[in-house]
Amino acid sequence: MPRLKILFSLPECFPFAKTGGLGDVGGALPIALAARGHDVRVVMPRYRVTRKFESKPLAGPLGIPYGPGTLWTGVRRGQLSSKRGAVVPVYFLDHDGLYDREGVYGDARGGYGDNTERYSVLSRGSIELCRYLGFEPDVIHVHDWPTCLVPVLLDTVEQGTALARAASVLTIHNMGYQGWSSRDSYSEMGLPFSPEILGALDLNGQLNLLKAGILHSTIVSTVSPNYAREIQTKEGGEGLDAFLRMRGGDVMGVLNGIDEEAWNPEVDPHIAANFSAEDLSGKAVCKAALQREMGLPERPDVPVIGLISRLVGQKGVDLVVDALYQLMATGAQFVFLGSGDKSIEEVFQRASLSTPNVRAFIGMNEGLAHRIEAGADLFLMPSRYEPCGLNQLYSQRYGTLPIVRAVGGLEDTVDNGSTGFKFHELSSEALVGTVRWALETYAEPALFRSMQYRAMQKQSGWSHAAQQYEALYRFAVRKRRRALGQVRAVRL
Ligand code: ADP
Ligand code: GLC
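Here the structure is a predicted model, which is why all the values come from computation and not from measurement. (Residues numbered from 1 in each chain as written. Chains lettered and ligands numbered in written order. Predicted model: local features only at pLDDT ≥ 70, side-chain atom pairs only at ≥ 80, totals over all residues. Heavy atoms only, no water.)

Draft legend 1. Inspection of the overall build of the chain at higher detail. Along the backbone of the chain there are 18 helices and 21 strands. For the chain, whose C-alpha radius of gyration is 23 Å, the value lies close to the compact-globule estimate of 23 Å for 492 residues. Seen through its C-alpha atoms, the chain measures out along the principal axes to roughly 65 × 45 × 45 Å. Among the 492 residues that make up the chain, the fraction classed as buried is 61%. Intrachain contacts of the chain at a sequence separation of at least 6 include 70% that bridge at least 24 residues. With the model as given, the accessible surface of the chain reaches about 19,100 Å², and the carbon-plus-sulfur share is 52%. Side chains of the chain give 52 positive and 53 negative charges; the mean places of these two sets differ by 6 Å. (Helix = DSSP H or I, 4+ residues; strand = E, 2+ residues; numbered from the N terminus. Rg over C-alpha atoms; globule rule 2.2 N^0.38 Å. Buried < 20%, exposed > 50% of the residue type's maximum accessible area, 1.4 Å probe, protein only. Contact = heavy atoms within 4.5 Å. Areas by Shrake-Rupley, 256 points an atom, 1.4 Å probe, with all protein chains shown as cover. Lys, Arg positive; Asp, Glu negative; His and termini not counted. Charge placed at Lys NZ, Arg CZ, Asp CG, Glu CD.)

Right, dumping it as structure tokens:
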């Protein structure tokens, strides 16, 4: 099979920038595809947080058509690499005014007001970068609303050019973020006046980038099969379900994998001791170290329940807040790591100061995330909705049994009573009831140990998903070329 030329155009990619799971996927999937022999490249902004990573400037700036003129950005090249030798070039668009800021999407005051412009430049810049590099991708893989303009541009301003032959694949990581803006902001995107582009973006008199991406990408995918079903219903579609249903068979669910090099208890450098499914003695060391680090009584017999999350409505953390006293009354210890909603941050901080068995760390802390996965016995994910979720997969790999609400990818990845514990109803009663069940199981060491063993043995790496994406890309390429009347006797 000929190798594919694939461009990933995305707003975050670990380790260069990460606000959540999209960053993890961006850092791992390109490597998994390169390991299968494909020519994969990534393009993203050079944020302030990205500057600490090594990169080399390319000669000459990149000119991006913008309104009647041209916007110039620098281009730098860094790379993603794996221990097994796969390497992926990462191109950073370097523009101080747009990207050299404290946050990725926003700061303490909220989202940046010019995000539409910042990501329109990334989208148009992704296409111009191909021209600049002399790279004609078979597929441009875009992620979430920030790069949804790419498929629209390929169908409009790029029509007839060599680059328009590229198929576009849009992966939706979260329907809750759609890139809404007012119609007036069209001019800020630097696009030519085009009734077709405006029509694609228009939704009830406003602009919606995700909708435009759904309509124009060759294939739409999302990050679990169950979420692919949910988003086509009124309940899960966040107002865009009709557009997804219109795409019918073009909407697919590919379950995320995890980076098995970065999240591996056998070699993880962030944790106090390494361990494996066969020998959990190191996990006990990690538990004691976590209790010490968080200022909890160092008690091997008391179960530790972890939670690592963006503190937003999606994650159902309000259920934990509502149930806090009942949860504390179980006698378990709780370790919370997260940031987001100020009122939830405050509740967690207050509980942390006033309660002997609750500790919270507010902010992003990659190392602590690993130490919680390794040191906790159980992990909470009571999500309202969850496109895939990565933390339950990390938990399973670290023998930390997840307690999850059975939605989206959590339903697909947790086997109830076998590799974790599930509840259905969105209520703090259901959450507390399931936590009690998990704690009763913890009190039966042989049963708990057998569940840990099963969870740790699960195959959750990227290789299966990379194979599925490869098939999806080939399908998309054939579909695109057919649509352009360019199908030749090429086997793709
Ligand atoms: P989402 O992308 O919706 O936030 P996921 O479960 O897919 O949810 O991925 C979340 C990722 O972000 C995980 O890698 C998790 O460890 C990480 N994460 C979330 N909050 C924090 C935090 N406060 N500190 C460190 N890592 C965090
Ligand atoms: C999103 C989702 C999460 C998913 C992640 C990576 O942010 O909320 O469920 O795991 O993207 O695909």
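More follows now that the structure is in view.
Draft legend 2. Structural detail: the site of ligand 1. Near ligand 1 lie 21 residues; those nearest to it are Gly 21, Asp 24, Arg 310, Lys 315 and Gly 363. In the environment of ligand 1, an oxygen atom lies 2.8 Å from a nitrogen or oxygen atom belonging to the side chain of Lys 18. In this structure, an oxygen atom belonging to ligand 1 sits 2.6 Å away from a side-chain N or O atom of Asp 24. Within the complex, the protein chains bury 94% of what would otherwise be the 560 Å² of accessible surface of ligand 1. Secondary structure elements with two or more residues in the shell around ligand 1: helix H1 (21-35), strand E16 (304-311), strand E17 (333-340), helix H13 (366-375) and helix H14 (391-397). With 3 residues, the top contributor of residues to the shell around ligand 1 is E16. Per-class residue counts for the shell around ligand 1 are 6 nonpolar, 9 polar and 6 charged. Each of two domains, domain 1 (5-257 + 463-491) and domain 2 (281-460), supplies a minimum of three residues to the shell around ligand 1. (Near = heavy atom within 4 Å. Polar contact = N/O pair within 3.5 Å; in protein donor to acceptor, adjacent residues only side chain to side chain. Nonpolar A, V, L, I, M, F, W, Y, C, P; charged D, E, K, R; others polar. Domains from an automatic or database assignment.)

Draft legend 3. View of the sheet that holds strand E21 (residues 421-423). Overall, parallel pairing links the 6 strands, which are arranged E18-E17-E16-E19-E20-E21 in an open sheet. Each edge of the open sheet carries a strand with a single partner, namely strand E18 (358-362) and E21. Ignoring which end each strand starts from, the neighbouring axes of this sheet average 20° apart. Where strand E20 (residues 401-405) lies against E21, 3 bridges are found, and the strand directions are parallel. (Pairing = 2+ DSSP bridges. Axes fitted to C-alpha atoms, helices over the stretch in contact; angles between N-to-C directions.)

Draft legend 4. Region of interest: helix H9 (residues 281-294). Taking 1.5 Å per residue as the helical rise, H9 with its 14 residues ought to reach 20 Å, and the 21 Å between its terminal C-alpha atoms agrees with that figure. For H9, the set of buried residues is Gly 282, Lys 283, Cys 286, Lys 287, Ala 288, Ala 289, Leu 290, Gln 291 and Met 294. Those residues of H9 that are buried lie in contact with E16, E17, E18, H13, helix H16 (428-442) and helix H17 (445-457). (Expected span 1.5 Å × (residues − 1).)

Draft legend 5. Representation of unusual backbone geometry. Of the consecutive residues Phe 14 and Pro 15, the connecting peptide bond is found in the cis state with omega at 10°. By the element assignment, Pro 15 lies in the loop between strand E1 (5-9) and H1. One non-glycine residue, Asp 144, lies in the positive phi region at around 60°. By the element assignment, Asp 144 lies in the loop between strand E9 (139-143) and helix H4 (149-155). Given the relative accessible area of 9%, Asp 144 is considered buried.

Draft legend 6. Representation of the pairing of E17 within the structure. In terms of burial, E17 is a largely internal element, 6 of the 8 residues being buried. Here 8 bridges tie E16 to E17, and the two strands are oriented parallel to one another. In the sheet register, Val 304 faces E17, and the bridge partner there is Gln 333. Pairing of E17 with E18 involves 5 bridges; the strand directions are parallel. Each bridged residue has a counterpart across the sheet, and for Val 335 the counterpart in E18 is Arg 359.

Draft legend 7. A look at the environment of Arg 41. Topologically, Arg 41 is positioned in strand E2 (residues 39-45). Given the relative accessible area of 17%, Arg 41 is considered buried. Sequence separation between Arg 41 and Val 90 is 49 residues; the distance between their C-alpha atoms is 6.0 Å. Setting aside residues no more than four positions away along its own chain, Arg 41 makes contact with Ile 6, Leu 7, Phe 8, Val 88, Pro 89, Tyr 91, Leu 133 and Phe 135. Engagement of the side chain of Arg 41 in a polar contact is seen with the side chain of Asp 39, the distance being 3.2 Å.

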